[in-house]
Amino acid sequence: MLPESIPTVRLTAQYLSLDGRPLSGSVEFQPPALLTHAEADLFVGGPTVASLDSEGRIDVTLPATDAEGWNPFGWTYAVTERIAGVGRNRAYRIALPAAVSEMDLADIAPADPAGAQYVSVPGPEGPQGEPGPQGPAGPVRSVNGHTETDIVLAAADLGAVATSAAGRAGGIAQLDAGGKVPLTQLPDGTGQGVTSLNGKTGAITLAAADLGALTPATADTRYLAVGAAPVTSVNGQTGAITLTSGDLGAVSADQAVLLTGAQTVAGAKTFSTVPTVSADPANGNQLARRSYVEKVAATGVWTPAALGFKAWAFDPATSSVTNPQYCINGTVYLIGVPLTADTTITNVVFYVPGFAGSGLAATSYAGLYNSSGTRVGVTGTLDKLITKTEGTTVVLKLTTAYAAPAGNYWVALLINGPDPKTNGPAFMVGASVGNFPGGSARIGSAFVRHARLSTTGQISLPTQFTPSATTVIADANAIWAAVS
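Residues numbered from 1 in each chain as written. Predicted model: local features only at pLDDT ≥ 70, side-chain atom pairs only at ≥ 80, totals over all residues. Heavy atoms only, no water.

> Honestly, the environment of W70 in this entry has me stumped. Any pointers?
Relative to the assigned elements, W70 resides in strand β7 (residues 70–71). Judged by relative accessible area, which is 5%, W70 ranks as buried. Apart from residues no more than four positions distant in its own chain, W70 is found in contact with I6, L35, T36, H37, V44, P63, A64, T65 and W75. Among the polar contacts listed, one links the side chain of W70 to the backbone oxygen of A64, at a separation of 2.9 Å. (Helix = DSSP H or I, 4+ residues; strand = E, 2+ residues; numbered from the N terminus. Buried < 20%, exposed > 50% of the residue type's maximum accessible area, 1.4 Å probe, protein only. Contact = heavy atoms within 4.5 Å. Polar contact = N/O pair within 3.5 Å; in protein donor to acceptor, adjacent residues only side chain to side chain.)

What follows is the structure, encoded as structure tokens:
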């Protein structure tokens, strides 16, 4: 880009064929071999080629040829036109004075560049010439009948009222600042206000009788004042209203529970307060009171609740007299406990008939799993919870109480530390015939009541296992456990 100190000239041109189609090609502008600009400390040379665009136009900005500082001074451009379809290329010279910032090449190109060699230079604007002869008359021949050269029309010529006639007799009325005709320009008696009311003049006071109306004292409900009706809407509705139970925020009769009489209630229902009954059930489909259930189903039978538990593996009275269970280090034992109702489990419970020898390791735990093998509760380390004792019910608190839905659960037991195993705590097991009790008897793939995990060497209770015949192995020893 040239320095701003060197003035330039914008040069434009357009090339068209005889039928008006844009021509194609280029125009080359060639200065002398090499120019020197002393003030800009610059050498300038080489051609500038402007290609014709889609409309046959060029638009190029070139340095002015007469700018101060050029060496040589007053040089010219050699212009060569290379236009497609033209018989021969034209070549001529032009000068671009700095005084003319824009020019068109057609204004300075020679008519016949093939003639004598000369340089096209735009000259200064000449003086204004003498006025020419008067031209022919225009299309207007007359105005409102006037034909003179300088026509002056009056209001009467246009069928209008003169300004001087505004607001006068025989003229036109005017409008005031409010857009109204002033009273002074209206006929007498027009717009002068009310002269009488109902035949009365002066300071008039009208009564109801003057208007043929009723007074509030004599009117009946047919003539209620606005807002005076006793009822204006019902539940936001007006007109001829028909209300439904929904409009009243009520439940329809066929959707409500009746306090008396026979009724069928379909679908599962959840009660925030447990429903109660005052009589014993007459058939198997009716609600039963706890006292009735205990009377007919638990008479003479010890239940977990009777001894403070929520569920247990079996009645502890049926435990073995002679054979306690000593657990193998690193083995997770599973003791099945059924829940017949939803409850919250806070503790798992074992009975330890004896504890001999060395203590437990800190990698001993008890816990709770659901039937899917997910651990839902775990205790702290048993070395802090089971101490040397003789014949004690051991209550082991879960770190977090668990809201347990009804179903089958496993109480888990993991012992580490005793060496040999008989040095640790013994756990009560079910009574048996011989050394192999049938505590895990079942059909098919039913829940395994007494089992152990196949993986050994455990130092913590896993958070999850997948119950299967290979992961949950039926155990020959029926350890007793309960939950509370």
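> Would you take a moment to explain a nonpolar patch on the surface for this structure?
Taken together, the side chains of V194, L197, L206 and L211 make up a nonpolar region of the molecular surface, amounting to roughly 380 Å² of accessible area. Position of L211 relative to the elements: it lies in the loop between β11 (119–120) and α2 (290–297). Looking at L211, the relative accessible area reads 58%, which means it is exposed. (Patch = residues over 30% accessible without salt bridge, like charges linked within 9 Å, V, L, I, M, F, W, Y side chains within 5 Å. Areas by Shrake-Rupley, 256 points an atom, 1.4 Å probe, with all protein chains shown as cover. Salt bridge = Lys/Arg side-chain N within 4 Å of Asp/Glu carboxyl O.)

> Where do I start with the pairing of strand β1 (residues 8–14) in this structure?
Within a regular strand, side chains alternate between the sheet's two faces. Residue alternation in β1 divides its side chains into a buried set, V9, L11 and A13, and an unburied set, T8, R10, T12 and Q14. The pairing of β1 with strand β6 (residues 57–63) spans seven bridges and is classified as antiparallel. For T8, the partnering residue across the bridge sits in β6 and is P63. (Pairing = 2+ DSSP bridges.)

> Please clarify how the nonpolar core should be interpreted in this entry.
Nonpolar side chains tend toward joint burial in soluble globular proteins. Of all hydrophobic cores here, the largest spans 40 residues; its most connected members are F350, F427 and V483. Counting residues per element, the ones that place at least two in this core are β12 (311–312), β14 (332–339), β15 (343–352), β17 (365–370), β19 (392–404), β20 (407–414) and β24 (482–483). Those residues in contact with F427 that lie beyond four places of it in its chain are P324, Q325, C327, F350, Y351, V352, P353, I386, L413, I415 and I479. Within the second largest apolar cluster, 28 residues are counted, among which are V9, L11, L62 and L96. (Core = buried A, V, L, I, M, F, W, Y, C linked by side-chain atoms within 4.5 Å.)

> How do you make sense of the sheet that holds strand β10 (residues 102–104) when you look at a structure like this?
Picture the strands of a sheet paired through backbone hydrogen bonds; they go either parallel or antiparallel. Overall, mixed pairing links the three strands, which are arranged β6-β1-β10 in an open sheet. Each having just a single partner strand, β6 and β10 make up the two edges of the open sheet. Averaged over all neighbouring strand pairs, the angle between strand axes comes to 20 degrees, with direction disregarded. Note: β1 against β10, three bridges, orientation parallel. The residue bridging R10 from the neighbouring strand is E102, located in β10. (Axes fitted to C-alpha atoms, helices over the stretch in contact; angles between N-to-C directions.)

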